[in-house]
Number of protein chains: 2
Amino acid sequence: MSEKNLAEEIANQLRRDILRGKLLPGASIKERDNAADMGVSRTPLREAIRILAKEGLIELRPARSPIVSTPSVRQISDEVEVLLAVEKLSGELACARATEADIEAIAEIVDDMAARFDTADPLDMFETDMSFHSAIAKAAHNEPLAEIHRTFLARLWRARFLSAIQSRNRERVIDHHSRIVEALRARDRSAVRTTISVHLDNLARDILDVVKREVAETSQAQATGTK
Amino acid sequence: MSEKNLAEEIANQLRRDILRGKLLPGASIKERDNAADMGVSRTPLREAIRILAKEGLIELRPARSPIVSTPSVRQISDEVEVLLAVEKLSGELACARATEADIEAIAEIVDDMAARFDTADPLDMFETDMSFHSAIAKAAHNEPLAEIHRTFLARLWRARFLSAIQSRNRERVIDHHSRIVEALRARDRSAVRTTISVHLDNLARDILDVVKREVAETSQAQATGTK
DNA sequence: CAACAGATTTCGGTATACCAAAAATCGGAT
DNA sequence: ATCCGATTTTTGGTATACCGAAATCTGTTG
């Protein structure tokens, strides 16, 4: 990876641990302990924590250890709403600004995904899916917008992952992706907006289903445990 | 102000200095010097710098002093594009979610602005204008979205300010604001989107005009100075 | 046994000290 | 006088030390 400063490297490490589920929501990140574990001092670790806090992956609490965010259904729903809007806008902008190479790169991702349809394991498939969406954000050629996209993709990573590995709508996903690429090739703004909307509305529903179920299970487990 | 931790307080102070033009674009923020000036140590100042960097007001350079951002026209144009989309979305969401109190608060701001039309000084007027837009973002009841709105409002603060104090379109602004409130009261999504679009498209044009002019003047001044 | 108060520990906030890399400066050689 | 290189200085990055507030533990008391 080879980042320039320690803090970012630590942030990357922690981010991965959070996204991969190694650090579960609610886990506390103590400055001293984690710094000792990773063999660095508190200063850069502290900085890394702030970075992730700004990204929304960690929650800062006054006079308490920071914890891995435990987003409510409402929060996730809000975040999905933003992500959806960002991707729609990206798609529209991409119609006007994407280079041919940009679009070909996107198309290639879809082809790749389709080709590996039955062989690929869910995690591979998932990462390819993510890269498809990132590629669209990139093709809009608006850096601040792409930055927002990255942030919200990260915040929703876990939820999307949980959703992706269990919903078996892979055909539908590939079909949607193909339609989006088609619309991009035609540089048809309204078609892009529509196809992306359809795709993401489905995604939003799946994500919220999974999250709601998880919340229900958690509170049930707590109830049994308490009793 | 009374914030909880020093770093945020420092960040607020620096942010004000930047937005008010006390620290001009390109000015360097040295950790040691500024820390000494403000009577604090480097640690919290450093943290404050990172906060402002994430907000886009300061640029971090590897192995160099951070400097106050000197956004290119392109960057500003990209940011305006994002702000525009965020406000449109906020307006639409507000139609569905704003409480009556939210809408009344917005309407009050417009009335206030209209009442002080000829007396108020430009800076007051400007801040009222900003609060109008913030109120809409708030009325959408989507915290992550509001956060983005705050960030981009801050990034564009200086440019908007420069634009506001010289363009004498106050009547037009108040008219636009009134129409937006009207649409919100009717909870008419498409009307809100349209009215906000019209308003912000004008704003975007004004801002870009001012920025382009500033860039032109700067490079001209440099040319004369160099000779 | 419960409850409260004081002692102790834990932990984040802040200050300071040290280091390495990069920039600027200055002196000598051409 | 100029250009190149060594040295000094500047500056951000990192480590560590200290502090105070808050949480937790504990012993005593009603």
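Residues numbered from 1 in each chain as written. Chains lettered and ligands numbered in written order. Predicted model: local features only at pLDDT ≥ 70, side-chain atom pairs only at ≥ 80, totals over all residues.

Colleague: How do you make sense of the protein's contact with DNA strand D when you look at a structure like this?
Modeller: Not every one of the 15 residues close to DNA strand D is listed here, only the nearest: A:L6, A:S41, A:T43, B:E31 and B:S65. At three residues, the largest contribution of residues to the surface near DNA strand D is made by helix α3 (residues 42–55) of chain A. (Near = placed C-beta within 6 Å. Helix = DSSP H or I, 4+ residues; strand = E, 2+ residues; numbered from the N terminus.)

Colleague: Would you take a moment to explain the interface of chain A and chain B for this structure?
Modeller: Counting from both sides, the interface comprises 16 residues of chain A and, opposite them, 16 residues of chain B. Of all the secondary structure elements, the ones that give two or more residues to the side of chain A that touches chain B are α3, α4 (73–97) and α7 (143–166) of chain A. Tallied by class, the residues present in the side of chain A that touches chain B amount to seven nonpolar, one polar and eight charged. (Contact = placed C-beta atoms within 7 Å. Nonpolar A, V, L, I, M, F, W, Y, C, P; charged D, E, K, R; others polar.)

Colleague: Any chance you could explain the pairing of strand β1 (residues 58–61) of chain B here in plain terms?
Modeller: Here is the key point about a regular strand: its side chains alternate between the two faces of the sheet. All names here are of chain B. Alignment of β1 against strand β2 (residues 64–68), held across three bridges, turns out to be antiparallel. Across the sheet, I58 pairs through a bridge with V68, a residue of β2. Between β1 and β2, which follow one another and run antiparallel, lie two residues, and A63 among them has a positive phi close to 60°. (Pairing = 2+ DSSP bridges.)

Colleague: What exactly am I supposed to notice about the protein's contact with DNA strand C here?
Modeller: The immediate surroundings of DNA strand C are formed by 14 residues, with A:E31, A:S65, B:L6, B:S41 and B:A63 found nearest. Taken together, the elements giving at least two residues each to the surface near DNA strand C come down to α2 (31–38) of chain A together with α1 (6–19) and α3 (42–55) of chain B. Considering each element in turn, the surface near DNA strand C owes the most residues, three residues, to α3(B). Looking at the surface near DNA strand C residue by residue, the classes come out as five nonpolar, five polar and four charged.

Colleague: Where do I start with the relation of the copies chain A and chain B in this structure?
Modeller: Each of the two chain copies can be generated from the other by rotation about an axis followed by a shift along it. Placing chain A over chain B gives an RMSD of 0.1 Å and needs a rotation angle of 180°, together with 0.0 Å of translation along the axis. Seen this way, the second copy is the image of the first under a two-fold rotation axis. The fraction of interface residues of chain A whose copies in chain B are also interface residues reaches 100%, indicating that both copies meet through the same surface. (Least-squares fit on C-alpha atoms with pLDDT ≥ 70 in both.)

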